[in-house]
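# Examining the three-dimensional arrangement
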Amino acid sequence: MDLTTFVRGGLPDESHARLREAIPAGFFGYPRGMPPADRHALTYERFRHAGTAAPSAGRLLARPPELCALLERAAVADPALFHVMLLHYTLTLVPILRFGDRSTEPVRRRLEAMDRFGAVAMTEAGRSNSHLMPATVARFDAADRSFVLTTPDPAAVKFPTTAGHPGVPKLLTVYARLVDDGGERGVFLFLVPLGGGDGDSDGAAGGDGVHVLPAADNPALSLDWAAVRFDGLRLPFESWLAAGARITADGVFHDPLAGSRAALSMCAAPYVWRGIIAAGAAAYRAGAASLTLHSVDRPTQGRLAPGRPLIDHRNQQEAVLTALARGYALTAVANRVKTGAAWSAGGSASASTWTPWASVDLMLPLLKAAVTDLAEDTAGLCRTHSGAPGFLASGRLNGYRGLAHAYLSAGGDNQLILFDVARAMVERDRYEPPDPGQGVFDLSLEGCLDAARALELRLVDELSVRVTAPGSLGDWNPHLALAARTATALADRVILEILQDGPPRLRPVFRWFALDWAERRAGLLLDEAIAVPPLIGRIRALRDELCAELMPRTPELVEAFELPELHEPPVWSTSWTSPASQH
Ligand SMILES: Cc1cc2nc3c(=O)[nH]c(=O)nc-3n(C[C@H](O)[C@H](O)[C@H](O)COP(=O)(O)OP(=O)(O)OC[C@H]3O[C@@H](n4cnc5c(N)ncnc54)[C@H](O)[C@@H]3O)c2cc1C
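As the structure is a prediction and not an experimental result, all values here were calculated from the model.

## What to know about the layout of surface pockets
For the largest pocket, the calculated volume is near 1500 Å³. Lining the largest pocket are 46 residues, and of these Ala-393, Ser-394, Gly-395, Arg-396 and Glu-568 sit closest to its centre. Elements that contribute at least two residues to the lining of the largest pocket include exactly α3 (36-53), α5 (64-77), α6 (79-99), α9 (269-296), α13 (387-392) and α14 (396-409). The greatest single-element share of the lining of the largest pocket, amounting to five residues, is contributed by α14. Tallied by class, residues from the lining of the largest pocket come to 25 nonpolar, 13 polar and eight charged. Its volume calculated, the second largest pocket comes out at about 1000 Å³. Lining the second largest pocket are 42 residues; nearest its centre among them are Thr-123, Pro-160, Ser-409, Ala-410 and Gly-411. Elements supplying a minimum of two residues to the lining of the second largest pocket: α6, β4 (158-161), α9 and α14. Element by element, the count of residues in the lining of the second largest pocket is highest for α14, at five residues. Along the lines of polarity and charge, the residues of the lining of the second largest pocket split into 23 nonpolar, 16 polar and three charged.

Okay, here's the thing in structure tokens:
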């Protein structure tokens, strides 16, 4: 497989070209000096263009590699555009397409025509773990078969949402507890159109029952952030996505799927995680390309080697190769998860102690956590090795860093995901410990994989003993840091397994990634006696050899990312004429 095909995730030429045209080069940046509200309106206008130029939402959702490719392109062009696209296609349209009926057709049509944009009101501002059980109430009124949506206290205000621009019509998907005269019925989704209620009547809400409280602009991810409060907003019966439940004509509630209600209300989550993983990998690639381009022609004045280009210095070479290796490694992970259910470990009704995510799937949220964690670190690496231009010339690297940073929390809090996965590991819930390796830690890709397996086994055994020790049964609180390390070890092992199956051309690149992994985990590997000193010295020696092999390949590695948009001249050189030519 050639590198370009690998980076494209095997997407055919025609689809690839269409998705690139949907997000043209002009979307890589905003006009200068634009006020935030105009900028946000432009983001949605661009989304309208992209959404109508791309294949239909139904087709994109049926073909995860295509949806991921569109989201990847959006993330690289403009992280804010990526965020609203992810909300629209996954968290908004997936439940409607899965559970909607004739009554949701008007709103589906408007969403697919980009006349409304999806926004999500899941998180509540004032309580941790609000996804497990929101406090927002949708009370069924049997008199007219409507629902009354209420925010019971200030802590239950929905925040953050992207509902803040008054001129942009939204469809808010609200997560609320359904309550009727018989009591609590579980968490369901309610569709609340906001603004733009003229035209095709889909019953836009407004007025007294819903209060949108715009938040200050946030340059780290500039969008129309807002808090939303419901004061007895009356919703028609059709606003309810019943998802298998029903209320009879005489007001009796039936839910044959009550046992899996939490997972059903989170049915969009796997699409979200695939999108984040793919976008994270794309942002890595763009960051790595940007750092490489910055380093190539930049002369240095240091006294040891005046005039030598920045890329000739070993520290810069290591940063470039680490960024490229992580870019390719995470692309391999993204390629694996993009293929639908292939990398899902499935759901389990009992696996939600801190969040609902592990009950939907085990591996996808774990990989989302691993990718965003590394993405943030890599974006920082690329930014610092690009100096002031990396911070100020285009804002692009800060944008990728902001995106990765945001998604440590968004799409499911990473730390809480790790806790739930660790608990599933201890309980052998959809988890099989790996076979112990050969016990030879030789720093090859296979050797690192063996070491990762050994580390995972040690940590899961240690955690199991601690949380089941007499007197501490079920007491996870003192062991949360170990829990996070244990789940991280599983993610590391899975990523190295994916790389082991990678294309032969990328073998040296993945060996660099494995050395990078060994250095990042050196403390743990030594602490658990999986490696012996001098570990860092051995990593350095192997890295020196690989550096010589890989540096000549950097142009080819960057070229395969297909990012000509990043080659734009920097701001200080665009109107430059040499003093000599003025005479
Ligand atoms: C940029 C961005 C965009 C977002 N967009 C949306 C959106 O459009 N719609 C929406 O509904 N939500 C959105 N979110 C919210 C996101 O889903 C939540 O931030 C995330 O799920 C975590 O919830 P929380 O912020 O309440 O964190 P918390 O649940 O308070 O967790 C934060 C941290 O507190 C600690 N912690 C919390 N609970 C426990 C516990 N029980 N035990 C031990 N430690 C604990 C952990 O360290 C955890 O990392 C967005 C978030 C961001 C950052």
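## Here's the deal with the site of the ligand
With respect to spatial proximity, 21 residues lie near the ligand, and among them Met-122, Thr-123, Ser-128, Asp-413 and Gln-415 are the closest. The contact in question runs from an oxygen atom of the ligand to an N or O atom on the side chain of Ser-128, over 2.6 Å. One of the backbone nitrogen or oxygen atoms of Pro-160 is found 3.0 Å away from a nitrogen atom of the ligand. Contact with the protein chains removes 72% of the 970 Å² of surface that the ligand exposes when unbound. At a threshold of 2 Å from the grid points, most atoms of the ligand map onto the second largest pocket. Of all the secondary structure elements, the ones that give two or more residues to the shell around the ligand are α6, β1 (117-121), α14 and α15 (414-426). In terms of residues, the shell around the ligand owes the most to one element, α15, which gives three residues.

## Let's talk about the side chain of Asp-420
Relative to the helices and strands, Asp-420 is located in helix α15. No salt bridge forms around the buried Asp-420; measuring N to O, its nearest opposite-charge neighbour Arg-423 is 6.7 Å away. Only 2.9 Å separates the side chain of Asp-420 from the backbone nitrogen of Thr-355, close enough to count as a polar contact.

## Observations concerning the domain arrangement of the protein
Split into domains, the protein comes out as domain 1 (3-102), domain 2 (117-260) and domain 3 (269-566). One C-alpha centre belongs to domain 2, the other to domain 3, and the line joining them spans 36 Å. Listed by partner, the interface residues are seven residues for domain 2 and 11 residues for domain 3. Each partner contributes to the roughly 580 Å² buried at the junction of domain 2 and domain 3, and carbon and sulfur atoms together form 71% of this total.

Scoring rules and cut-offs
Residues numbered from 1 in each chain as written. Predicted model: local features only at pLDDT ≥ 70, side-chain atom pairs only at ≥ 80, totals over all residues. Heavy atoms only, no water. 1 Å grid on protein atoms, 1.4 Å probe; cavity = no way out; pocket = protein on both sides within 12 Å on 5 of 7 lines; lining within 4 Å. Points joined across faces, edges and corners; volume = space filled by probe spheres on them. Helix = DSSP H or I, 4+ residues; strand = E, 2+ residues; numbered from the N terminus. Nonpolar A, V, L, I, M, F, W, Y, C, P; charged D, E, K, R; others polar. Near = heavy atom within 4 Å. Polar contact = N/O pair within 3.5 Å; in protein donor to acceptor, adjacent residues only side chain to side chain. Areas by Shrake-Rupley, 256 points an atom, 1.4 Å probe, with all protein chains shown as cover. Sits in = over half its atoms within 2 Å of the grid points. Buried < 20%, exposed > 50% of the residue type's maximum accessible area, 1.4 Å probe, protein only. Lys, Arg positive; Asp, Glu negative; His and termini not counted. Salt bridge = Lys/Arg side-chain N within 4 Å of Asp/Glu carboxyl O. Domains from an automatic or database assignment. Contact = heavy atoms within 4.5 Å. Buried area = accessible area lost by both parts, 1.4 Å probe.

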